[in-house]
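Here are the chains, one letter per residue:
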Amino acid sequence: MKLLWMTDLHLMSGGEKHRSGVDPAVRLRVCLDDMLAEHADAARLIITGDLIQLRHTAAYGMLAEALAEVPIPVRLLVGNHDDREALARAFPALQLSNGFVQNAEQLNGYQLIYLDTLADNSMHSGQLSAERLAWLETTLGESQGPALLFMHHPPATVGIPALDKARLNDGDIELARILQRHRHRQPYLLCGHLHRNVSGVWKGTPFTVMTAPYIGFALRMQEQKLVAVDENPGYGVILCNEEGVVIHTNSLRKRVDTLETLSAR
Ligand SMILES: [Fe+2]
């Protein structure tokens, strides 16, 4: 089974661009074009949050238009820049669980779990409240086979101070306990939020954070502030079978540069 994975699109209303000149809509377009040319056989396209830039809720309409042309079933998650109600208005088919953008499905022997880590207090750091954790515990208990848990905020500290402050730091201890109780399900965490490609093991559970199509964050371990850089945009291709999980990061720099030069004319 092949899954496509994007994260942190940060689309802006009215075609606005990042101050560096990077155009998030162009970045999305380039990634989608490449996906459809190379991976139209994928079973799902999963987008792990920060679909829009904070308060640019009109950009959900742009996303809905772009995704209407994608023949692959899409699963959307929320991040700290997202707005659940505006998202649900733009995507009426969005599956909610008690108002949270959480759901799960069984596919080719794998359970795909989509978690909502948007904090109730509008902080940029992530949260899994007791209600959401209880849903996860029940959901893991109801199924069998390996579990892929998609969520915006990674719970791990990665050594970059500005990003570590904004990790999933509310509900993380209980999340680790739940994953421990369901160790036989071979849970794997797939996150966004860092705008970098990072992999590791968190309290016994493997995790990967995918790069963003949009602006990246620099590997600054001495700096307290977040440093934005024009990293290679890209998306993930996940292969899952009876042997396990393989995750590719597909980088598209050259094509993006060409398109942005054209769109600036
Ligand atoms: Fe984020």
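Along each chain, residues carry numbers from 1 onward, in the same order as the chain's sequence is written. Per-residue local features are limited, in this predicted model, to residues with pLDDT of at least 70; the limit for side-chain atom pairs, both in listing and counting, is 80 or more; totals at the level of whole chains, interfaces and linings are taken over all residues. Side-chain calculation: all heavy atoms of the structure are included, whereas hydrogens and water are not.

In the annotation of an unreviewed UniProt entry, the protein chain is listed under the name 3',5'-cyclic AMP phosphodiesterase CpdA and assigned to Paraburkholderia phenazinium. UniProt positions are given in the numbering used here, feature names are shortened, and annotations may be inferred rather than shown by experiment. Its UniProt record, at the heading Sequence similarities (unreviewed entry), says of the protein chain: "Belongs to the cyclic nucleotide phosphodiesterase class-III family."

Let's shift gears to the sheet that holds strand E10 (residues 198–202). Strand pairing is defined by DSSP finding a minimum of two bridges between the two strands. Here a strand is any run of E in DSSP of at least two residues, a helix any run of H or I of at least four, and the numbering for each starts at the N terminus. Reading across from one edge, E4-E5-E7-E9-E11-E10 is the order of the 6 strands in this open sheet, with mixed pairing throughout. Sheet topology places strand E4 (103–107) and E10 at the edges, where each strand pairs with a single neighbour. The average undirected angle you get between the axes of adjacent strands in this sheet is 20°. Of the pairings in the sheet, the one linking strand E7 (residues 147–151) to strand E9 (residues 188–191) comprises 4 bridges and is parallel in character. Looking at E9, one finds that Leu-149 is bridged to Leu-189. Here, residues are in contact when the closest pair of their heavy atoms is within 4.5 Å. Every axis corresponds to a line fitted to the C-alpha atoms, with the helix fit spanning only the stretch in contact, and the corresponding angles, defined between N-to-C directions, vary from 0 to 180 degrees. On the sheet, helix H6 (residues 172–181) packs against E7, E9, E10 and strand E11 (205–209) and is oriented at approximately 75° with respect to E10.

Pairing of aromatic rings covers Phe, Tyr and Trp, the last through its six-membered ring, and needs centres within 6.5 Å; plane angles under 30 degrees mean stacked, over 60 mean edge-to-face, and all others mean tilted. Overall, the coordinates contain 2 aromatic pairs when judged by the stated rule. What links up through ring pairs into an aromatic cluster is the set Trp-5, Tyr-114 and Phe-150.

A word on the UniProt feature "domain: Calcineurin-like phosphoesterase" (unreviewed entry) in the protein chain. Sequence positions flagged by UniProt for "domain: Calcineurin-like phosphoesterase" (unreviewed entry) are, in local numbering, residues 1–196. Between the C-alpha atoms that bound residues 1–196 the distance is 25 Å, and the span itself is 30% helix and 19% strand.

Before going further, it helps to examine the sheet that holds strand E3 (residues 74–77). Strands in a sheet are paired, the pairing made by backbone hydrogen bonds, and the direction either parallel or antiparallel. Spatially, E3-E2-E1-E14-E15 is the arrangement adopted by the 5 strands of the open sheet, whose pairing is mixed. On the outer flanks of this sheet lie E3 and strand E15 (245–251), each paired with one strand and no other. Along the sheet, successive strands turn relative to each other by an average axial angle of 20°, direction set aside. Here helix H1 (residues 24–38) sits on the sheet in contact with strand E1 (2–6), strand E2 (44–48), strand E14 (234–240) and E15, set at roughly 175° to E1.

With that settled, the discussion passes to the environment of Leu-76. Mapped onto the elements of the fold, Leu-76 is located in strand E3. You can call Leu-76 buried: its relative accessible area is 8%. In sequence terms Leu-76 and Ser-251 are 175 residues apart; their C-alpha atoms lie 21 Å from each other. If near-sequence neighbours (up to four positions away) are discounted, Leu-76 is found in contact with Ile-47, Leu-51, Leu-63, Leu-67, Leu-87, Phe-91, Leu-94 and Val-101. Residue burial is assigned from relative accessible area. The probe radius is 1.4 Å, only protein chains are included, and a residue is buried under 20% of its type maximum, exposed over 50%, and partly exposed in between.

Where a strand is regular, its side chains alternate between the two sheet faces. With 7 bridges connecting them, E14 and E15 associate as antiparallel partners. In the strand pairing of E15, Ile-238 is matched with Ile-247. The turn linking E14 back onto E15 is made up of 4 residues, and Gly-244 within it adopts a positive phi angle of 150°.

The rule for donors is simple: N, O or S, within 2.8 Å of the metal, or within 3.2 Å if the metal is Na, K or Ca. Water isn't counted, so a site may look like it is missing partners. Looking at the iron ion, the protein donor atoms are Asp-50 (OD), Asn-80 (OD1), His-152 (NE2) and His-193 (ND1), and they sit 2.1 to 2.3 Å from it. Square planar and octahedral sites, with four and six donors, are those where opposite donors lie more than 155 degrees apart and all other angles lie between 65 and 115, tetrahedral sites have four donors with every angle between 85 and 135 degrees, and the rest are irregular. Angles of 82 to 175° at the metal separate the 4 donor atoms of the iron ion, which places the site in the irregular class. Of the residues examined, Asp-50 reaches a relative accessible area of 2% and is grouped as buried.

Attention now moves to H1. Helix length check: H1 (15 residues) gives 21 Å between terminal C-alpha atoms against 21 Å at 1.5 Å per residue, within 8%. Buried within H1 are the following residues: Pro-24, Val-26, Arg-27, Leu-28, Val-30, Cys-31, Leu-32, Asp-34 and Met-35. Whenever a nitrogen or oxygen atom comes within 3.5 Å of another N or O atom, the pair is scored as a polar contact, on the condition that within protein one atom can donate a hydrogen and the other can accept it, and that pairs from neighbouring residues in sequence are kept only if both atoms are in side chains. The N-cap residue of H1 is Asp-23: its side-chain oxygen and the backbone nitrogen of Ala-25 are 2.9 Å apart. Expected span of a helix: the number of residues minus one, times 1.5 Å.

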